[in-house]
Amino acid sequence: MTDSMNLPNSLSYCHIDAFASRPFTGNQAAVMPLQSWPDDAVLQAIGEENNFAETAFILPDASGESDYELRWFTPEVEIALCGHATLASGHYILKDRPDLDHVTFRTRKAGILEVHRDTSLGEHAYRLALPSYAPAPAERASWTDLLGAEPIAREYHPGRYNILRFATAADVLALSPDLKALKAVGDDQFICTAPGDGHSSGADVISRVFVPGGGVDEDSVTGSAHAVLTPYWAKQLGRDSFTAYQASQRGGLVGCRLDGERAWLSGQCCTIVEGTFYLG
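This is a predicted model, so every value here is computed, not measured.

A. Structural detail: the overall build of the chain. Across its full length, the chain holds six helices and 17 strands. Radius of gyration (C-alpha) of the chain: 18 Å, near the 19 Å computed for a compact globule of 280 residues. Along the first, second and third principal axes, the C-alpha atoms of the chain reach 55 × 40 × 30 Å. Sequence separation of 24 or more characterises 61% of the internal contacts of the chain that already satisfy a separation of 6 or more. Here the chain holds 21 positive side-chain charges and 36 negative ones, and the gap between their average locations is 3 Å.

Right, dumping it as structure tokens:
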């Protein structure tokens, strides 16, 4: 139910870099707390105005199932799962609440998500529990025209996640996709990945993620993609834990651990801006 009649003229606003050990790295998210849900058109307009990969809206959960309700909007659409903006939302709440060690979020399609404080990783570091989305081998039609190179394997999860495996990190770094053609495919994630051997990050695996159909040409650090990469690479590497680096322009390191039906992702957050968003 929406409550646009009681929508205030301004909202609190926080800009957070997630999966970032320092400012200007990782992925940018806006986190905006609400007291009631406005019309979806208002939420979408705010997402477009912020122009980040995602804007997260949080609302105290009156149902008692979790601490907060959580929804995410790109500049163009509402999405079913977003990892980095969930990590940012956890940071927004936990950074000023030393009495809490974790916070839970009820989402519309991804279930209950958790963010736990993890001081072993450093200041403002957290572990995020997402559902594990194991992909399965899929038909390998030619991808050269779309990506500028041909993957050696393809796997798919029906949440519209495409895992495109390349032989080397250099192959992933060299990709020059046709973003217009990828957008025409639909609101899919195209997760291009390879072993991290020799990459300067020192990570076990690397990736780049393209989501032009969702309004994000190349994402900076994509938590939801690692909900798919975690079970995929756990199987490939033969172990449950590994490190992953998303090799975007901003870049970001993600710790990944498979735990049954959950993918635990770890990383740090940096608060960049706190202020007021005016609606009229």
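B. Representation of helix H1 (residues 40–50) within the structure. Taken residue by residue, H1 has Leu43, Gln44, Ile46, Gly47 and Asn50 as its buried positions. Angular distribution of buried residues about the axis of H1 spans 160°; they occupy a single face of the element. Facing away from the buried side of H1 by over 90 degrees, the exposed positions are Ala41, Glu48 and Glu49. Residues of H1 that are buried in the fold lie against strand E1 (10–18), strand E2 (27–33), strand E3 (54–60), strand E4 (68–73), strand E5 (78–79) and strand E17 (262–278).

C. Representation of the pattern of salt bridges. A full pass over the atoms with the stated rule returns 14 salt bridges. Between arginine 250 and aspartate 17 there is a salt bridge whose closest N-O contact spans 3.1 Å. Here aspartate 17 lies in strand E1 and arginine 250 lies in the loop between strand E15 (241–246) and strand E16 (252–259), a separation of 233 residues in the sequence. The structure contains a network of salt bridges with shared partners spanning Asp40, Arg71 and Glu78.

D. Inspection of the nonpolar core at higher detail. Among the nonpolar cores identified, the biggest contains 48 residues, and Trp72, Leu81, Leu87, Val115 and Ile191 are the most heavily contacted of them. Among the elements that line this core, the one with the most residues is helix H6 (residues 223–237), at six residues.

E. Seen up close, the environment of alanine 20. Among the structural elements, alanine 20 can be located in the loop between E1 and E2. The spatial distance from the C-alpha of alanine 20 to the C-alpha of cysteine 269 is 5.3 Å, given a sequence separation of 249 residues.

F. Structural view of the side chain of serine 89. The topology assignment puts serine 89 in helix H2 (residues 83–94). Take serine 89: its relative accessible area is 0%, and that puts it in the buried class. Apart from residues lying up to four places away in sequence, serine 89 is in contact with Val31, Ala56, Ile58, Leu70 and Phe105.

G. Fine view of H2. Spanning twelve residues, H2 covers 16 Å between terminal C-alpha atoms, matching the ideal 16 Å at 1.5 Å per step. Residues of H2 that are buried: Gly83, His84, Ala85, Thr86, Leu87, Ala88, Ser89, Gly90, His91, Ile93 and Leu94.

H. Structural detail: unusual backbone geometry. Not every positive phi belongs to a glycine, and phenylalanine 24 is a case in point at roughly 75°. Even without glycine at this site, histidine 124 takes up a positive phi of about 55°. The topology assignment puts histidine 124 in the loop between strand E7 (112–117) and strand E8 (125–131).

Thresholds, definitions, all that
Residues numbered from 1 in each chain as written. Predicted model: local features only at pLDDT ≥ 70, side-chain atom pairs only at ≥ 80, totals over all residues. Heavy atoms only, no water. Helix = DSSP H or I, 4+ residues; strand = E, 2+ residues; numbered from the N terminus. Rg over C-alpha atoms; globule rule 2.2 N^0.38 Å. Contact = heavy atoms within 4.5 Å. Lys, Arg positive; Asp, Glu negative; His and termini not counted. Charge placed at Lys NZ, Arg CZ, Asp CG, Glu CD. Buried < 20%, exposed > 50% of the residue type's maximum accessible area, 1.4 Å probe, protein only. Arc of directions from axis to C-beta. Salt bridge = Lys/Arg side-chain N within 4 Å of Asp/Glu carboxyl O. Core = buried A, V, L, I, M, F, W, Y, C linked by side-chain atoms within 4.5 Å. Expected span 1.5 Å × (residues − 1).

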